[in-house]
Amino acid sequence: MLQPAVDITTSVHKFETILYQFKRDNLNEVDQNHFQKIMGLSVRQMEALAALNRLMTDRHEGIPLKTLAHHLRMSVPSTSLLVDGMVKKGLFDRKENPRDRRSLCIRLSEEGESKFHQLHNGMKKRLESLFSILPEEDTENFCRTVNILYNHVYNK
């Protein structure tokens, strides 16, 4: 049997390792003190901010707590505590869910959107630096491939 020209499992594992290291370097170790001083956010809070921003793309009214918990891979009670803290910081708002009056929707506040953009812009600069070692064609191919895979998984 012929071996494939590309070992996708090894490549995916290497990519996961790169992402883990990048996240660790930029959120957990190198910038954690910076973000604590500037933004007053923990790594988990930064992840919640980014997740809520991403999830609100198609749902401007906000999302249910259970949806946020699922995307953060946290229990609903733990996510509820996290959201409580973010509401107290003025980063999240809770509103009545227009689709189900028995539940609430969580959305980014104006302050939360501002903090997210600060976080996003810092991360964007670091990613541009990382990808600057690649030829433009390779970067374009990478982005195209990720978009195809993302659309396959999330737009079924």
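## Thoughts on the overall build of the protein
Step number 1: If you tally the helices and strands in the protein, you get seven helices and three strands.
Step number 2: Sequence separation of 24 or more characterises 46% of the internal contacts of the protein that already satisfy a separation of 6 or more.
Step number 3: For the protein, the accessible area works out to roughly 11300 Å², and carbon and sulfur atoms hold 55% of it.

## Focus on the pattern of salt bridges
Step number 1: Summed over the entire model, instances satisfying the criterion amount to four salt bridges.
Step number 2: Glu113 is the salt-bridge partner of Arg107, the closest N and O atoms lying 4.0 Å from each other.
Step number 3: In this structure Glu113 comes out as partly exposed when scored by relative accessible area, which is 32%.
Step number 4: Glu111 is the partner of Lys115 in a salt bridge, and the nearest nitrogen-oxygen pair spans 4.0 Å.

## Section: the confidence of the model for the protein
Step number 1: When pLDDT is averaged along the protein, the result is 82; 85% of the residues meet or exceed 70.
Step number 2: Least confident of the elements in the protein is helix H2 (residues 32-38), whose mean pLDDT is 57; most confident is helix H5 (residues 76-88), at 95.

## Structural notes on the packing of aromatic side chains
Step number 1: One pass over the full model with this rule turns up two aromatic pairs.
Step number 2: Ring centres 5.1 Å apart and planes at 45° place the aromatic pair Phe131 and Phe142 in the tilted group. Within this pair, whereas Phe131 is found in helix H6 (residues 110-131), its partner Phe142 is found in helix H7 (residues 136-154), the two being separated by 11 residues in sequence.
Step number 3: With a relative accessible area of 23%, Phe131 lands in the partly exposed category.
Step number 4: On the accessibility criterion, Phe142 (29% relative accessible area) is partly exposed.
Step number 5: Through pairs of rings, three or more aromatic residues link up here, namely Phe15, Phe131 and Phe142.

## Section: a nonpolar patch on the surface
Step number 1: Nonpolar side chains collect at one region of the surface, where Phe15, Ile18, Leu19, Leu127 and Leu130 lie side by side and expose about 400 Å² of accessible area between them.
Step number 2: Of all the secondary-structure elements, those providing two or more residues to the nonpolar patch are helix H1 (8-29) and H6.
Step number 3: Among the elements that make up the nonpolar patch, the one with the highest residue count is H1 (three residues).
Step number 4: The residue Leu130 is located in helix H6 in this model.

## Digging into the sheet that holds strand E3 (residues 104-108)
Step number 1: Spatially, the three strands line up as an open sheet ordered E1-E3-E2, and their pairing is antiparallel. Every interior strand has two partners, whereas the edge strands, strand E1 (63-64) and strand E2 (92-96), have only one.
Step number 2: Bridging between E1 and E3 involves two bridges; their strand directions are antiparallel. The residue of E3 that forms the bridge with Ile63 is Ile106.
Step number 3: Each of E1, E2 and E3 touches helix H3 (residues 43-55); the most contacted strand, E3, lies at about 105° to it.

Thresholds applied
Residue indices begin from 1 for each chain and proceed along its sequence in written order. Since the coordinates come from a predicted model, pLDDT governs what is reported: local features require at least 70, and pairs of side-chain atoms require 80 or more to be given and counted, while whole-chain, interface and lining totals use all residues. Excluded from the side-chain calculation are hydrogens and water; included are all heavy atoms of the structure. Strands here mean DSSP runs of E at least two residues long; helices mean DSSP runs of H or I at least four residues long; both are numbered from the N terminus. Contacts are assigned to residue pairs that have any heavy atoms within 4.5 Å of one another. Note on areas: these come from Shrake-Rupley sampling with a 1.4 Å probe, and a residue is covered only by the protein chains present in the view. One speaks of a salt bridge when a side-chain nitrogen belonging to Lys or Arg is within 4 Å of a carboxyl oxygen belonging to Asp or Glu. Relative accessibility under 20% of the residue-type maximum defines a buried residue, over 50% an exposed one, and the middle range a partly exposed one, all with a 1.4 Å probe and only protein chains included. The predictor attaches a confidence to each residue, called pLDDT, with possible values from 0 through 100. Only the six-membered ring of Trp is used, alongside the rings of Phe and Tyr, when aromatic pairs are assigned; centres must lie within 6.5 Å, and planes under 30 degrees apart are stacked while those over 60 apart are edge-to-face, with the rest tilted. Only residues above 30% relative accessible area that lack a salt bridge enter a patch, with like-charged residues linked at up to 9 Å and the nonpolar side chains Val, Leu, Ile, Met, Phe, Trp and Tyr linked at up to 5 Å. We call two strands paired when DSSP finds no fewer than two bridges between them. Axis definition: a line fitted to C-alpha atoms, limited for helices to the stretch in contact. Angles are taken between N-to-C directions and run from 0 to 180 degrees.

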